[in-house]
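Now for the letters of each chain:
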Amino acid sequence: MRKPKRMTHSTNTIEIIKFMKDLASEAGAIVASYFQGCFTVQSKDEAPNGIDIVTDADKASEHFIMDQIRKSFPAHDILTEETKTEITGSKFLWVVDPLDGTVNFSHSYPHFGISIGFMEDNIIKAGVVFDPMRQEMFWAYRSGGAFLNEAAISVTQTDNLYRCIVGTGFPYDKAKSSINNIKEFCQVIPKVQGVRRSGSAALDLAWVACGRLDGFWELKLKPWDFMAGTILAHEAGGKATDRYGSSIELWSPSIVATNTFIHDDLLRILTPDD
Ligand code: IPD
Ligand code: CA
Ligand code: CA
């Protein structure tokens, strides 16, 4: 682990990060209370077999987070997974996944998180990903480093793919779309030590940042899945681009985040042949 940086954050940054951590922690408590109790599960799509779902926990967490952001920053825009919001063109945008890993959650599989990103002028400035089961708060802000709870974190230094474990995920329309990551998965798996499919892209990115994974890729994520996680990876010394090596934007269709050392090798494997 890298030595903790000296805290020289500006007051504004300290306030925003504190707000984000408190928000993620309270949203995590809401989600955890549903996890230990009862919740209903609804399908969001028809075909095939309605595997994209939403639960009471997603809705309650999102309602709480949006409410708090609106109270504190009424002029800021918010982009969340479950509620259609109006984007007014504010220079500040909150990008929120109130429960990343809903399928895990709905199966009592304790691996999910709350992801909150804060953007200014289309640039991600700060990100928080909270794992309420492990009480792990991952947070980072631009040029300020990345942290797990109070300790500075950094990516691995492994440069040989055969010594790496990398994470990935598959889109909900995997049975009907050919852009479903199955070909890419088959291309990567013989070239690495292992591939993990955790069911939470936000935690995967946080785990790249803290060195539990050497890299991660996915092809069809949404901004709420990856925005906070990409700044964690970047501030921990890693690299995040799309599958073609271009910078991450709000609606980037693919994400590759690595410890930097294996980035080009992973991109080469993921580059479409046609
Ligand atoms: C999903 C998770 C999963 C990833 C999917 C995402 P959700 O988000 O991050 O790991 O593979 O592509 O949609 O639906 O649990 O918020
Ligand atoms: Ca998600
Ligand atoms: Ca979600």
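The structure presented is a predicted model; accordingly, all values stated were derived computationally and were not measured. Sequence order sets the numbering: in each chain, residues are counted from 1 along the sequence as written. Going through the entries in the order they are written, you letter the chains from A and number the ligands from 1. Residue-level local features of this predicted model are given only where pLDDT is at least 70; pairs of side-chain atoms are given and counted only at 80 or more, and the full residue set underlies all totals for whole chains, interfaces and linings. Only hydrogens and water are set aside; all other atoms, that is, all heavy atoms of the structure, feed into the side-chain values.

## Some remarks on the overall build of the protein chain
Helix and strand assignments follow DSSP, with helices taken as H or I runs no shorter than four residues and strands as E runs no shorter than two, numbered in order from the N terminus. What the protein chain contains, in helices and strands, is 7 helices and 14 strands. The size measure is the radius of gyration over C-alpha atoms, and the globule rule it meets is 2.2 Å times the number of residues to the 0.38 power. Against the globule reference of 19 Å for 274 residues, the protein chain gives a C-alpha radius of gyration of 18 Å, in line with a compact fold. Based on the C-alpha atoms only, the size of the protein chain along its principal axes is roughly 50 × 50 × 35 Å. Partly exposed residues are those whose accessible area sits between 20% and 50% of the maximum for their type, while under 20% is buried and over 50% is exposed, using a 1.4 Å probe and protein chains only. Within the protein chain, the proportion of its 274 residues that are buried is 53%. Partitioning the intrachain contacts of the protein chain with sequence separation of at least 6 by distance along the chain shows that 63% fall at a separation of at least 24. In the structure as shown, the protein chain presents an accessible area of about 12700 Å², 51% of it carried by carbon and sulfur atoms. Averaged over its 28 positive side-chain charges, the protein chain has a centre that lies 5 Å from the centre of its 35 negative ones. Residues count as neighbours in contact if any of their non-hydrogen atoms are within 4.5 Å of one another. Here the accessible surface of atoms and residues is derived via Shrake-Rupley with a 1.4 Å probe, and residues count as covered only by protein chains that are part of the display. Charge assignment: positive for Lys and Arg, negative for Asp and Glu; neither His nor the chain ends contribute. Throughout, a charge is located at the NZ atom of Lys, the CZ atom of Arg, the CG atom of Asp or the CD atom of Glu.

## Some points on the packing of helix 5 (residues 201-209) against helix 6 (residues 223-235)
Viewed as axis vectors pointing N to C, helix 5 and helix 6 meet at an angle of 5°, and their least axial separation amounts to 8 Å. On the basis of their axis angle, the class for helix 5 and helix 6 is roughly parallel. For the pair helix 5 and helix 6, the contacting residues are Ala201, Ala202, Leu205, Ala206, Val208 and Ala209 in the first and Asp225, Phe226, Gly229, Thr230, Leu232 and Ala233 in the second. Here the residues of the contact of helix 5 with helix 6 sort into 9 nonpolar, 2 polar and 1 charged. Axis lines are fitted through C-alpha atoms, for helices just across the contact stretch, and the angle between N-to-C directions can take any value from 0 to 180 degrees. Geometric relationships in this document are graded by angle, where less than 35 degrees denotes roughly parallel, more than 145 denotes roughly antiparallel, 65 to 115 denotes roughly perpendicular, and other angles denote oblique. Gly is put with the polar residues, along with every residue not named as nonpolar or charged; the nonpolar set is Ala, Val, Leu, Ile, Met, Phe, Trp, Tyr, Cys and Pro, and the charged set is Asp, Glu, Lys and Arg.

## Quick notes on the pattern of salt bridges
A pair is scored as a salt bridge if a Lys or Arg side-chain nitrogen falls within 4 Å of a carboxyl oxygen belonging to Asp or Glu. As enumerated under the stated definition, the model contains 12 salt bridges in all. When the shortest N-O distance is used, the salt bridge between Glu150 and Lys21 registers 3.8 Å. Of the two residues, Glu150 sits in the loop between strand 8 (145-148) and strand 9 (151-152) while Lys21 sits in helix 1 (residues 11-36), which places them 129 residues apart along the sequence. Linked through salt bridges whose partners overlap, the residues forming this network are Lys44, Glu81 and Glu82.

## Brief notes about the pairing of strand 7 (residues 136-141)
Burial within strand 7 is extensive, with 6 of its 6 residues counted as buried. In strand 7, alternate side chains face the same way, and those of Glu136, Phe138 and Ala140 on one face and Met137, Trp139 and Tyr141 on the other are all buried. By this definition, two strands are paired if DSSP reports at least two bridges between them. When strand 6 (residues 123-131) meets strand 7, the two strands line up antiparallel, connected through 6 bridges. The partner of Gly127 across the bridge, within strand 7, is Ala140. Note: strand 7 against strand 8, 4 bridges, orientation antiparallel. Directly across from Ala140, in strand 8, lies its bridge partner Ala146.

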